Amino acid sequence: MRFFTPTDVYLEENCVANHKKELLACGSKAFIVTGKNSSRINGSLSDVTSVLDEADVPYRIFNDIEENPSVETVAKAAAIGKEFQADFVIGIGGGSPLDAAKAIALLMANPEENEDCFYQPKDLKNLPVVAVPTTCGTGSEVTPNAVLTRHAQKTKKSISYRIFPELALVDGKYLSFASRKLLIHTAVDALAHCLESRLHKNSNCYNRMFSEYGLRLWGETVPALLSDEQASPDAKTCEKLMLISTVAGMAIAQTGTSLPHALSYEITYNHGTAHGMACGLFLASYLEDYASHDKEETEQVLTLLGFSSLEAFRSCISSLIGTVSISEAELNLYADNVMNNPSKLSTYPFAIDREGIAAILRNSLEVKGE
Ligand code: NAP
Ligand code: ZN
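Residues numbered from 1 in each chain as written. Chains lettered and ligands numbered in written order. Predicted model: local features only at pLDDT ≥ 70, side-chain atom pairs only at ≥ 80, totals over all residues. Heavy atoms only, no water.

## Things to note about helix 8 (residues 205-226)
For clarity, the threshold we go by: Only DSSP runs of H or I with at least four residues qualify as helices, and only runs of E with at least two residues qualify as strands; both kinds are numbered from the N terminus onward. Here the expected length of a helix is defined as 1.5 Å per residue gap, with one fewer gap than residues. To get the bend at a given residue, fit one axis to the seven residues ending there, fit another to the seven starting there, and take the angle between those axes. When a residue's accessible area, from a 1.4 Å probe over protein chains only, is under 20% of the maximum for its type it is buried; when over 50% it is exposed; and in between it is partly exposed. The contact definition used throughout considers only heavy atoms, calling two residues in contact when any of these lie within 4.5 Å. Here a polar contact is recorded for every N or O atom pair within 3.5 Å, except that within protein the pair must consist of a potential hydrogen donor and a potential acceptor, and residues adjacent in sequence are included only if both atoms are side-chain atoms.
For helix 8, with 22 residues, the first-to-last C-alpha span of 31 Å sits near the 32 Å given by 1.5 Å per residue. At Glu220, helix 8 shows its maximal kink, close to 40°; a proline, Pro223, follows between one and four residues later. Along helix 8, the residues that are buried comprise Asn207, Phe210, Ser211, Gly214, Leu215, Leu217, Trp218, Gly219, Thr221, Val222 and Leu225. Where the residues of helix 8 are buried, they touch helix 7 (180-198), helix 9 (235-255), helix 13 (295-305) and helix 14 (310-321). The N-cap of helix 8, judged by a side-chain oxygen 2.8 Å from the amide nitrogen of Tyr206 a few residues on, is Asn204.

## Focus on the coordination of the zinc ion (ligand 2)
In plain terms, the rule: For Na, K and Ca the donor cutoff is 3.2 Å, while for all other metals N, O and S atoms must lie within 2.8 Å; water is not among the atoms, so some sites may look incomplete. Every angle between 85 and 135 degrees makes a four-donor site tetrahedral, while opposite donors more than 155 degrees apart, with all other angles between 65 and 115, make a four-donor site square planar and a six-donor site octahedral; other sites are irregular.
Donor atoms from the polypeptide that coordinate the zinc ion (ligand 2) comprise Asp189 (OD), His193 (NE2), His261 (NE2) and His275 (NE2), at 2.1 to 2.2 Å from the metal. One can describe the donor arrangement at the zinc ion (ligand 2) as irregular, given that its 4 donor atoms subtend angles of 83 to 170° at the metal. Donor residues for the zinc ion (ligand 2), ordered by position in the chain, follow D-x3-H-x67-H-x13-H. Taken together, the residues Asp189 in helix 7 and His261 in helix 10 (residues 259-271) connect sequence positions 72 residues apart. On the basis of relative accessible area, Asp189 is assigned to the buried category, the value being 2%.

## Focus: a nonpolar patch on the surface
We count it as follows: Patch membership is restricted to residues that have no salt bridge and whose relative accessible area is over 30%. Joining uses 9 Å for like charges and 5 Å for the nonpolar side chains Val, Leu, Ile, Met, Phe, Trp and Tyr. Working definition of accessibility: Shrake-Rupley area with a 1.4 Å probe, residue cover restricted to the visible protein chains. What counts as a salt bridge is simple: a side-chain nitrogen of Lys or Arg found within 4 Å of a carboxyl oxygen of Asp or Glu.
Together, Met1, Tyr206 and Met209 line one region of the surface with nonpolar side chains, adding up to about 360 Å² of accessible area. Looking at where Tyr206 falls in the secondary structure, it is placed in helix 8. Residue Tyr206 is classed as partly exposed on the basis of its relative accessible area, which comes to 33%.

## Re the pattern of salt bridges
The final tally for this structure, using the stated rule, is 16 salt bridges. Of the charged contacts in the structure, one is a salt bridge between Arg314 and Glu311, with a shortest N-O distance of 3.5 Å. Note that Arg314 and Glu311 are positioned in helix 14 at a spacing of 3 residues, about one turn of the helix. When its relative accessible area of 47% is taken as the criterion, Glu311 is described as partly exposed.

Shown next as structure tokens:
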């Protein structure tokens, strides 16, 4: 058994300011990687630049990371970072800028390489990465994964390198700027991480501690997530949502994700569905299939979450995220694509054939006739 989590993680209010010493210890010239707008609005970018300004640390900002960042965007950003000769990368935002920051840190540390190296088995080092998350889903601040969109392959895939951030500075206050939809989608992503890690083929008692704690905490947030209030939840709930996200990230850092994530990449790539929603769509039917092999394990998961039945869980997730419509031809294509991903299929502890995958797709989505 092994448990490995090398990231130095702090979670508290005003985390970046409180831990400026740790942030400044990561390097002497910073390349900041962020999304288009949100980090300016929620204060996370100015929290970081204030620390750098105060210490006279030079930095350059790349604020053009799109949702589900592409290999092309990452390569463009890395070229700017290399030219600036930064010696560490700070990712600020949701999972998209954090994942991009990791891939950029890899390219910047290996100037002789280009983006072709992302999916090649080479022994490459990366520049140190600092992660400041502003959504409560991916846990990218504590995972070694960097999921990129590969337009050439028409899908998304994690790069082949394990890049744990050196430092994660986590502050729930940024979530008070998030829309309810963003909160729900990203919280459902964290739920998917807890569930998929708990039921993963390589699950052991270490990752289970994290998954099970995350599942219990997630159950406690259901009333706040289901609330009709448009205002953001209170500071305590925001901090709890961030905690769940990091705990879930620590769980998948050990096991990786499983079938709902494999299926979600098809839905996000082809229908533009947000990552957390795309994963959430499959959770109930995935649990249903799992229960047909091992009822006890699924009941344990539902109990931790506070649901009395799989149907109560399905109904809660469906009220939170709604549904997506696909055609019969799309269903067949996505089932074929997932069957062509043996490494993801092998994360499921039981044998599953094309029919089983197609059934999960059919039971999770609205399938329209041609
Ligand atoms: P995201 O794609 O990073 O961001 C979604 C949207 O939320 C963007 O429009 C962003 O705006 C906005 N936003 C971010 N923080 C905000 C805040 N505090 N207030 C208001 N708006 C905010 O979303 P995400 O769900 O966190 O990340 C999804 C990506 O992570 C996917 O590519 C997924 O594959 C990946 N992922 C990675 C891991 C991992 O282990 N590394 C795990 C799961 C998923 P701006 O663009 O203006 O910033
Ligand atoms: Zn995810």
